[in-house]
Amino acid sequence: MSLVVLGTVALDHVKTPSGAKKDMLGGSAAHFAMSARLFTDVHMVAVVGRDFPGKHLDFLKHKAIDLSSLKISNGKTFRWKGEYKKGI
C-alpha cells in the first residue's frame, strides 16, 4: 500500500526570538510526506521552481519519498514567511 500526497512544497523563511532561518524545506506536502513515510510508502505530487535547492530534493529522496511526480517548472518556488514574537 502507498499514499499519494498532493500539495505545496515551499521554501520557508522563519524568524523567532532565537534567530532566523531562510530557505528551509516547507509546504504542506513536504510536512505531511515526512510524517506519513513513517507508516507507508509515499508518492509526492507537487511543483517547485528551478530555484528549489537540490539539497532539499536529496533529503526527500533519502527519506524514501517518491518524487517521480514532482515537477520542476520555470519560475520561482512558492515561499512562505513567518515571524514569531515572544509573549504573543
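Scroll up to find the structure this text is about.
A brief report on the enclosed structure follows. The residue count restarts for each chain, going from 1 along the sequence in the order it is written. Reporting in this predicted model follows two pLDDT cut-offs: at least 70 for local features of residues, and 80 or more for side-chain atom pairs to be given and counted; totals over whole chains, interfaces and linings ignore these cut-offs and use all residues. To obtain the side-chain values, all non-hydrogen atoms of the structure were used and water was disregarded.

**Examining the nonpolar core**
For clarity, the threshold we go by: Throughout this description, the term nonpolar core refers to a set of buried Ala, Val, Leu, Ile, Met, Phe, Trp, Tyr and Cys residues connected via side-chain atoms within 4.5 Å. For the exposure calls, accessible area comes from a 1.4 Å probe over protein chains only, and a residue counts as buried if that area is under 20% of its type's maximum, exposed if over 50%, partly exposed in between. For helices the rule is a DSSP run of H or I covering at least 4 residues; for strands it is a run of E covering at least 2, with both sets numbered from the N terminus onward. The contact rule is simple, with two residues in contact once any of their heavy atoms fall within 4.5 Å.
Core analysis: the largest hydrophobic core is formed by 18 residues, its most contacted members being Val9, Met44, Phe52, Ile65, Leu67 and Leu70. Among the elements of the structure, helix 1 (28–36), strand 4 (41–49), helix 2 (54–62) and strand 5 (65–73) are those that each provide at least two residues to this core. Beyond its immediate sequence surroundings of up to four residues, Leu67 is in contact with Met44, Leu57, Leu60 and Lys61.

**Quick look at the side chain of Thr40**
Which entries qualify depends on this criterion: Under this definition, polar contacts are N or O atom pairs within 3.5 Å; protein pairs additionally need one hydrogen-donor-capable and one acceptor-capable atom, and for neighbouring residues in sequence, both atoms have to be side-chain atoms.
Mapped onto the fold, Thr40 is located in the loop between helix 1 and strand 4. Side-chain polar atoms of Thr40 contact the backbone oxygen of Met1, separated by 2.9 Å. Sequence-distant contacts of Thr40, that is, excluding residues within four places in its chain, are made with Met1, Ser2 and Leu3.

**Examining the sheet that holds strand 5**
Cut-off, in case you're wondering: Any two strands with at least two DSSP-identified bridges between them are counted as paired. Every axis in this analysis is a line fitted to C-alpha atoms, fitted for helices over the stretch in contact. Angles between the N-to-C directions lie between 0 and 180 degrees.
Ordered by their spatial adjacency, three strands build an open sheet running 1-4-5, and the pairing between neighbours is parallel. Of all the strands in the sheet, just strand 1 (2–6) and strand 5 have a single pairing partner and so form its edges. Between one strand and the next, the sheet's axes are offset by a mean angle of 15 degrees, whatever the strand orientation. Sheet strands touched by helix 1: strand 1, strand 4 and strand 5. Its angle to strand 1, the strand with the most contacts, is close to 165 degrees.

**What to know about the pattern of salt bridges**
Spelled out, the test is: A carboxyl oxygen of Asp or Glu within 4 Å of a side-chain nitrogen of Lys or Arg is what we treat as a salt bridge.
The final tally for this structure, using the stated rule, is two salt bridges. Across the salt bridge formed by Asp23 and Arg79, the nearest N and O atoms sit 3.9 Å from each other. Taken as a pair, Asp23 in strand 3 (residues 19–26) and Arg79 in strand 6 (residues 79–83) lie far apart in primary sequence, 56 residues in all. Residue Arg79 is classed as partly exposed on the basis of its relative accessible area of 35%.

**Regarding helix 1**
Heads up, the condition is: The directions from the helix axis to the C-beta atoms form the arc being described.
Among the residues making up helix 1, those that are buried are Ala29, Ala30, Ala33 and Ala36. Buried residues of helix 1, seen end-on, are gathered within an arc of 135 degrees and therefore sit on one face of the element. Each element contacted by the buried residues of helix 1 is listed here: strand 1, strand 3, strand 4 and strand 5.

**Description of the environment of Asp23**
Asp23 sits in the partly exposed class, given a relative accessible area of 31%. In this structure, the C-alpha to C-alpha distance between Asp23 and Phe52, residues 29 residues apart in sequence, is 8.9 Å.

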